[in-house]
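Below are the chains, spelled out letter by letter.
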Amino acid sequence: MERLLVVVVFVVKSIVETWASCPVVHQADIRVLEVRLQPHPVPQQQTTYVCQQFQVPDLETYHAVAFEPLIGNEDAVHHMLLFGCDHDLGTEDIHACGGLDTSCSAWLSQYSLGVRGPICLPNDVGARFGKDSFTKLLLQVHWNNKNLAANITDDSGFRIYYTTRLRQHDLGNVQIGQNQIAIQPLSETTIKGSCSSSCTRMTYIHMHYLGINGRLEVYRNGSLKTLVAKDADYVYDTSPIHEHGTPVEILPGEEIKLTCTFNSRDGHRKKDNMVYFGEGSEAEMCYAFVSYFPRIRGFDQCIQMGHIDINC
């Protein structure tokens, strides 16, 4: 049995976190580590993904208990992901993401537009790194230079609050979603993906600018068990993280279903061309980024291509 702490980026309401909501960062045993890009020019193109690997303290085993996004250029940063790596990628210089970077698939924290203040973990949960765990971190930053501005730079990243006083549970994160997306022009299209029951034998919705609503649900034997999150007014630029005070329990064999609805028909979303899955801001995604505990090693992605489970 696994208990999932679901962290869902939805627009149910605007939530602005303050440090008062994350008192653990003020405790005497807390240490601080900054993981930031080297200051770097942002290319004069709409979509760029850059990565940089960092050595982290590894003399002891640590638990990160909070992550603070550090945004160097709000006009350029679309989202960020911080991955744990147990191997050296061969360079600590900033570079275009690709190749060996994809071998670091265990993500520890994420930032997207709308997140404010700290990302604070539950009191009994920590993201493990250091000795006998991840000795390096990989920072991935998606730049969206939508105005094709010249002469701009960025040095974004995360401030990590960590401790040697280990919590009861290790944090795990899993990306759930659908990679087969084809949105007809001038239409409303619903896309579904799931972490199927065969994958769970062992909550943050991410769409781009055509996304208008989404829902994350747990099914048992084909019947709805729990509505984890629902939003009828998704707006990417103001999509904060939502936390469940009481964790949602996921039992072996249950299915986690994600539904994303896109609008290419109305207003600023209107598109006269087909829109497909892709990493660029003009393409679309249908993902849920779910934090859970206790962590299951290797359970970092649960994604479908159509009805086929491609990496659970």
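Residues numbered from 1 in each chain as written. Predicted model: local features only at pLDDT ≥ 70, side-chain atom pairs only at ≥ 80, totals over all residues. Heavy atoms only, no water.

As recorded in an unreviewed UniProt entry, the chain goes by the name Peptidylglycine monooxygenase, listed as coming from Magallana gigas.

Draft legend 1. The arrangement of the layout of surface pockets in detail. Roughly 570 Å³ of volume is contained in the largest pocket. What lines the largest pocket is a set of 24 residues, and nearest its centre among them are Phe83, Gln140, Gln175, Glu279 and Gln301. Going through the elements one at a time, strand 5 (47-55), strand 7 (77-85), strand 12 (136-144), strand 26 (286-292) and strand 27 (301-305) are the ones with two or more residues in the lining of the largest pocket. Per-class residue counts for the lining of the largest pocket are 13 nonpolar, nine polar and two charged. (1 Å grid on protein atoms, 1.4 Å probe; cavity = no way out; pocket = protein on both sides within 12 Å on 5 of 7 lines; lining within 4 Å. Points joined across faces, edges and corners; volume = space filled by probe spheres on them. Helix = DSSP H or I, 4+ residues; strand = E, 2+ residues; numbered from the N terminus. Nonpolar A, V, L, I, M, F, W, Y, C, P; charged D, E, K, R; others polar.)

Draft legend 2. Looking closely at the pairing of strand 11 (residues 125-130). Burial analysis of strand 11 places five of its six residues in the buried class, the great majority of the element. As judged from the four bridges shared by strand 6 (residues 61-70) and strand 11, these two strands associate in the antiparallel manner. Looking across to strand 11, one finds that Thr61 is bridged to Gly130. With two bridges connecting them, strand 11 and strand 15 (residues 169-170) associate as parallel partners. Along strand 15, the bridge assignment pairs Val125 with His169. (Buried < 20%, exposed > 50% of the residue type's maximum accessible area, 1.4 Å probe, protein only. Pairing = 2+ DSSP bridges.)

Draft legend 3. Region of the structure containing the sheet that holds strand 18 (residues 188-195). Taken in spatial order, the four strands line up as 18-24-20-21 in an open sheet, and their pairing is antiparallel. The open sheet has two edge strands with one neighbour each: strand 18 and strand 21 (223-231). Here the average twist between neighbouring strands, direction ignored, is 20 degrees. Here strand 20 (residues 211-220) runs beside strand 21; their pairing, made up of seven bridges, is antiparallel. (Axes fitted to C-alpha atoms, helices over the stretch in contact; angles between N-to-C directions.)

Draft legend 4. Spotlight on the side chain of Ser194. Here Ser194 shows up in strand 18. For Ser194, a relative accessible area of 5% gives the class buried. There is a polar contact of 2.9 Å between the side chain of Ser194 and the side chain of Glu255. Setting aside residues no more than four positions away along its own chain, Ser194 makes contact with Ile176, Gly177, Glu255, Ile256, Lys257, Cys302 and Gln304. (Polar contact = N/O pair within 3.5 Å; in protein donor to acceptor, adjacent residues only side chain to side chain. Contact = heavy atoms within 4.5 Å.)

Draft legend 5. Representation of unusual backbone geometry within the structure. That bond from Phe293 to Pro294 is cis: its omega, -5 degrees, falls within 30 degrees of zero. Residue position: Pro294 is located in the loop between strand 26 and strand 27. Of note in the backbone geometry, Asn151 takes a positive phi value of approximately 65 degrees without being a glycine. Within the secondary structure, Asn151 is located in the loop between strand 12 and strand 13 (153-154). The phi angle at Leu186 is positive, at roughly 55 degrees, despite the residue not being glycine. Structurally, Leu186 is set in the loop between strand 17 (182-183) and strand 18. Among the residues examined, Leu186 registers a relative accessible area of 43% and is labelled partly exposed.

Draft legend 6. Expanded view of the packing of aromatic side chains. In total, this model carries seven aromatic pairs according to the counting rule given. Centre to centre, the rings of Trp107 and Phe289 are 5.3 Å apart; their planes meet at 80 degrees, and the pair counts as edge-to-face. For Trp107, a relative accessible area of 5% gives the class buried. A centroid spacing of 6.1 Å and a plane angle of 80 degrees characterise the contact between Phe277 and Tyr287, whose relative ring orientation is edge-to-face. Of this pair, Phe277 sits in the loop between strand 25 (275-276) and strand 26 while Tyr287 is found in strand 26, placing the two residues 10 residues apart along the sequence. Since its relative accessible area comes to 30%, Phe277 is described here as partly exposed. An aromatic cluster of three or more residues is present, and its members are Trp107, Phe277, Tyr287 and Phe289. Its guanidinium or amino end placed over the ring of Tyr219, Lys257 lies 4.2 Å from that ring's centre, counting from NZ or CZ. (Phe/Tyr/Trp six-rings, centres within 6.5 Å; stacked < 30°, edge-to-face > 60°. Lys NZ or Arg CZ within 6 Å of the ring centre and 35° of its normal.)

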